[in-house]
Amino acid sequence: MNTDYQLTNKTRQELKLQKMRRDILVSEGAKALDMILEAPSPATLIQSFPDQDLYYLMHNVGVHDFIPVLALAASSQWEYILDVEVWDDDRLNPHMMTQVFSLLFQADPQRLLRWTIKEKPDFIEYYLSQKMRVVIREHDEPPPEDFDDYITLDDKFYFRFPDNPSIADKYSEEALLPQDASREDGLPDDAPELIEQMLKTLAAMDLSVLHGLLLETLSLLPAETEEEQFRQRNTRLAEKGFLPTHEAVGIYQPVAKKDLTPRPAIIRDSNAPHSDIPMPPMFFTRFLIGDNLFAKALAQINAQGGIPGLDSELAALINKIISADRIKIRNRESIEKPIEKTMSTLSLGLEVLMDGSKADVEAAESLIKKYFLEDIFRTGTREGARLQAMTRKWYETSFIAAKKLPLNFLGETYLGIIGGLMIQRPMFFADYADKVLYRNFAGLSDIRATRRQLDEIICLDDFLDRLDVDITTFTFGVLTYKSMILTLWVRDRMDLNQSKPLSLAPIDISEFKDFFAQLFGPDGTIGDAQAKDLGIWAAQASGMHEADLPTALQGILYRLLRELESEYGHIRTQDLDPRFMPMFLLAGQT
């Protein structure tokens, strides 16, 4: 009976705290800070936040304004801030250690010193060893002459800071290693002032502890200490879903539908959450909105009561993406990036699992209930990976690679397509249609559009390979597939290329004017005869019959002529200037 009463109270309290945390996380910085500090029990509320949520709040509110909250935070929450802030891959960054220690020291100086010395002695000793030099003077030993730059609190232990500008020249042989230099992030390195304040505070607390700390700092082995701290840090972060990068990248391993493992039967437990199981972070839930398929299906699932553990599953998936992409969550923009990738790829995976049928919210909801989110995500990444593999395989034997041409030879649009597929994580070339140049694939329509344009690029490359062009003859102008095709066409019709390999030597502008005058009609458009002539030349130059020209190539030639009309249709022949006509390789004076 008593147990049931305690459980009921615990459940009620947790639900109340959960609502408060959710309201705080969706509020703006200043309002969120006021809500925390004006709560009936601020310490209880602050320490109930998952580590990730509190870390996000710190950057949302502002690190210096957040100091009163840090003073009430739990030591485990402090440790999480250190784990995500002070590491550059597998190396500790002493400069960032200074910034974080400075914040925590302002929050609660004595608590910081007690906590680090008792629970993280190697960590604080490593930091001191990187930022200061310690010398012990025996009682019967006079102070050396070079002790002018040292500081002492007891006339026995002397310390100084080698990176102090005033003594940098004098002690240049002891300068810090390049990786320990101040970072170019606009933050000053206040280590000397901070460490001096920390040591003075510690001496006032217990001088013998200060002596022990300095003695251990002298005997520390930095490389071994850093390696052990890195191991411990990885273990702590792995418990929160942040696997090491080399393990987290497994989230991008493609998987086929036939290899997916269904979820076990859903069991709903009405009991209170177990206290030994960490609460999943909630800060990302405010960003789970949008017009994509996954967001709509998730909203419908939540409206029906949700799926037990789905929040934790989604948080773990986002954390893996953050680890794999090495993203640091410090503001709204940095969290939107992995969440947008998660929702877009899950939406793509859901469409793939629908076997090509029309995207339907109810069907997506059923698939989320049937399969794990990570498997749905990996199903989505498979589509982009297939396009990437196709692109790389084509490029190895392409005309562009064989002639050692840069990718900008393909022009802006095709360069954008290939560029998005050649990077480590393939992306969709949006060309600012969604106010961004690149975004993640969000559905099969993106995959199909990219595949169609990739097929055009491959078809164009095959056509150019058939032309037998001597690239070394190109000496002047801007070489793209457009200027190559149009120049070769003009040179052929002007009888300038009478033998193979075909030459790309620039055409004299005085000779080009006659061709230009015949190309456009009085209204500035290209007639059907000229358009047909380009197709005839393309077939002859490539050794194909005109009827056998691929549809994709015909579309490229058609768009090329329309672009010519748009760019040059309104220009008078006497006003032509080679400097402003990049679609042709021209030379000479106007």
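A. Spatial organisation of the overall build of the protein chain. Helix and strand counts for the protein chain stand at 25 helices and 11 strands. Taken over C-alpha atoms, the radius of gyration comes to 33 Å for the protein chain, far larger than the 25 Å a tight globule of 590 residues would show. With the C-alpha coordinates aligned to their principal axes, the bounding extent of the protein chain is approximately 100 × 75 × 40 Å. Taken across its 590 residues, the protein chain has 47% of its residues classed as buried. Put simply, the protein chain shows about 29,600 Å² of open surface, and 51% of that area lies on carbon and sulfur atoms.

B. Highlighting the sheet that holds strand E3 (residues 133-136). Here 3 strands make up an open sheet; going across it, the order is E3-E5-E4 and the pairing antiparallel. The sheet is open, and its two borders are formed by E3 and strand E4 (151-152), each paired with just one other strand. Two elements, E3 and strand E5 (residues 157-160), share 4 bridges in a ladder whose sense is antiparallel. Bridged to valine 134 within E5 is phenylalanine 159.

C. Seen up close, unusual backbone geometry. Following lysine 500, the chain continues to proline 501 via a peptide bond in cis, the omega torsion being 0°. Summarising the element assignment, proline 501 is placed in the loop between helix H22 (481-493) and strand E9 (502-503). Residues other than glycine seldom take positive phi values, yet arginine 326 does so here, at roughly 55°. Positionally, arginine 326 belongs in the loop between helix H15 (310-324) and helix H16 (332-353).

D. Spatial organisation of the environment of proline 281. With respect to the helices, strands and loops of the structure, proline 281 is situated in the loop between helix H13 (245-248) and helix H14 (293-303). Each residue touching proline 281, except ones within four places of it in the same chain, is listed here: Pro50, Gln52, Asp53 and Ala315.

E. Examining the pattern of salt bridges more closely. The final tally for this structure, using the stated rule, is 31 salt bridges. With a shortest N-O distance of 3.4 Å, aspartate 51 and lysine 240 are connected by a salt bridge. You can see aspartate 51 sitting in helix H4 (residues 51-61) and its partner lysine 240 sitting in the loop between helix H12 (222-238) and H13, a full 189 residues away along the chain.

F. Representation of the packing of aromatic side chains within the structure. Here the structure, examined in full by the defined rule, presents 20 aromatic pairs. Both rings, one in phenylalanine 399 and one in phenylalanine 409, keep their centres 6.5 Å apart while their planes meet at 50°; by these two values the pair is tilted. Here the residue phenylalanine 399 occupies a position in helix H19 (residues 399-402), and phenylalanine 409 occupies one in the loop between H19 and helix H20 (411-422), the gap between them amounting to 10 residues. Accessibility classification places phenylalanine 399 together with phenylalanine 409 in one group, the buried group. A network of ring pairs unites the aromatic residues Trp489, Phe512, Phe515, Phe516, Phe520, Tyr568 and Phe584 as a single cluster. The aromatic ring of phenylalanine 123 is capped on one face by lysine 120, whose charged end is 4.7 Å from the ring centroid.

G. View of the environment of leucine 553. Its location among the elements puts leucine 553 in helix H25 (residues 551-568). The class for leucine 553 is buried, based on a relative accessible area of 0%. In this structure the C-alpha to C-alpha distance between leucine 553 and glycine 535, which are 18 residues apart in sequence, comes to 9.4 Å. The contacts of leucine 553, once residues within four sequence positions are left out, are Cys459 and Phe463.

H. The arrangement of helix H2 (residues 29-37) in detail. Here H2 has its buried residues at Gly29, Ala32, Leu33 and Ile36. Looking straight down H2, one finds its buried side chains confined to an arc of 100°; they lie on one side. In H2, the exposed residues that point more than 90 degrees away from the buried face are Ala30 and Lys31.

I. Highlighting the packing of H22 against helix H24 (residues 528-542). Between H22 and H24, the least distance of the axes is 10 Å, while the angle of their chain directions is 95°. When the axes of H22 and H24 are compared, the pair comes out roughly perpendicular. Here Ile485, Leu488, Trp489, Asp492 and Arg493 of H22 lie close against H24, whose contacting residues are Gln530, Asp533, Leu534, Ile536, Trp537 and Gln540. When its residues are assigned to classes, the contact of H22 with H24 shows 6 nonpolar, 2 polar and 3 charged.

J. Molecular detail of the packing of H22 against H25. As a packed pair, H22 and H25 sit with axes 11 Å apart at the nearest point and diverge in direction by 90°. The pairing of H22 with H25 is recorded here as roughly perpendicular in orientation. The segment H22 lies against H25, with Tyr481, Lys482, Ile485 and Leu486 engaging Ile556, Leu557, Leu560, Glu563 and Leu564. When the residues that make up the contact of H22 with H25 are grouped by side-chain class, the tally is 7 nonpolar, no polar and 2 charged.

K. Structural context of helix H7 (residues 94-107). Across its 14 residues, H7 extends 20 Å between first and last C-alpha, which sits within 8% of the 20 Å expected from 1.5 Å per residue. Those residues of H7 not exposed but buried are Pro94, His95, Met96, Met97, Thr98, Gln99, Val100, Phe101, Leu103, Leu104, Phe105 and Ala107. In the core, the buried residues of H7 are packed alongside helix H5 (67-72), helix H6 (75-85), strand E2 (91-92), helix H8 (109-119), helix H9 (121-131) and helix H10 (191-205). With a side-chain oxygen positioned 3.0 Å from the backbone nitrogen of histidine 95, the residue opening H7 is asparagine 93.

L. Structural view of the side chain of serine 48. Relative to the helices and strands, serine 48 resides in helix H3 (residues 42-48). Of note is the side chain of serine 48, whose polar atom sits 3.1 Å from the side chain of arginine 21. Side-chain polar atoms of serine 48 contact the backbone oxygen of leucine 45, separated by 2.6 Å. In this view, serine 48 contacts Leu17 and Arg21; residues no more than four positions away in its chain are not counted.

M. Inspection of the environment of aspartate 468 at higher detail. Inspection of the secondary structure assignment puts aspartate 468 in the loop between helix H21 (444-466) and strand E8 (469-470). A relative accessible area of 38% means that aspartate 468 is categorised as partly exposed. A sequence separation of 436 residues divides aspartate 468 from alanine 32, and the C-alpha atoms of the two residues are 67 Å apart. What aspartate 468 contacts, discounting residues up to four positions off in sequence, is Lys500, Pro501 and Leu502.

N. Representation of the confidence of the model for the protein chain. Confidence along the protein chain averages 87 in pLDDT terms, with 91% of residues attaining 70 or more. In this model, residues 164-188 is a region of pLDDT below 50 whose contacts with residues beyond four sequence positions or in other chains number 32 contacts.

O. Broad picture of the pairing of E5. Side chains Phe157 and Phe159 of E5 all project onto a buried face; the interleaved residues Tyr158 and Arg160 project onto the opposite face, where all are buried too. Relative to E5, E4 runs antiparallel, the two being bridged by 2 bridges. Bridging across to E5, threonine 152 finds its partner in tyrosine 158.

P. The side chain of glutamine 77, seen in detail. Its location among the elements puts glutamine 77 in helix H6. For glutamine 77, the side chain forms a polar contact with the main-chain nitrogen of alanine 74, separated by 2.8 Å. Contacts of glutamine 77, omitting those with residues within four sequence positions, involve Ile46, Gln47, Phe49, Asp51 and Leu54.

What counts and how
Residues numbered from 1 in each chain as written. Predicted model: local features only at pLDDT ≥ 70, side-chain atom pairs only at ≥ 80, totals over all residues. Heavy atoms only, no water. Helix = DSSP H or I, 4+ residues; strand = E, 2+ residues; numbered from the N terminus. Rg over C-alpha atoms; globule rule 2.2 N^0.38 Å. Buried < 20%, exposed > 50% of the residue type's maximum accessible area, 1.4 Å probe, protein only. Areas by Shrake-Rupley, 256 points an atom, 1.4 Å probe, with all protein chains shown as cover. Pairing = 2+ DSSP bridges. Contact = heavy atoms within 4.5 Å. Salt bridge = Lys/Arg side-chain N within 4 Å of Asp/Glu carboxyl O. Phe/Tyr/Trp six-rings, centres within 6.5 Å; stacked < 30°, edge-to-face > 60°. Lys NZ or Arg CZ within 6 Å of the ring centre and 35° of its normal. Arc of directions from axis to C-beta. Axes fitted to C-alpha atoms, helices over the stretch in contact; angles between N-to-C directions. Parallel < 35°, antiparallel > 145°, perpendicular 65-115°, else oblique. Nonpolar A, V, L, I, M, F, W, Y, C, P; charged D, E, K, R; others polar. Expected span 1.5 Å × (residues − 1). Polar contact = N/O pair within 3.5 Å; in protein donor to acceptor, adjacent residues only side chain to side chain. pLDDT = per-residue confidence, 0-100.

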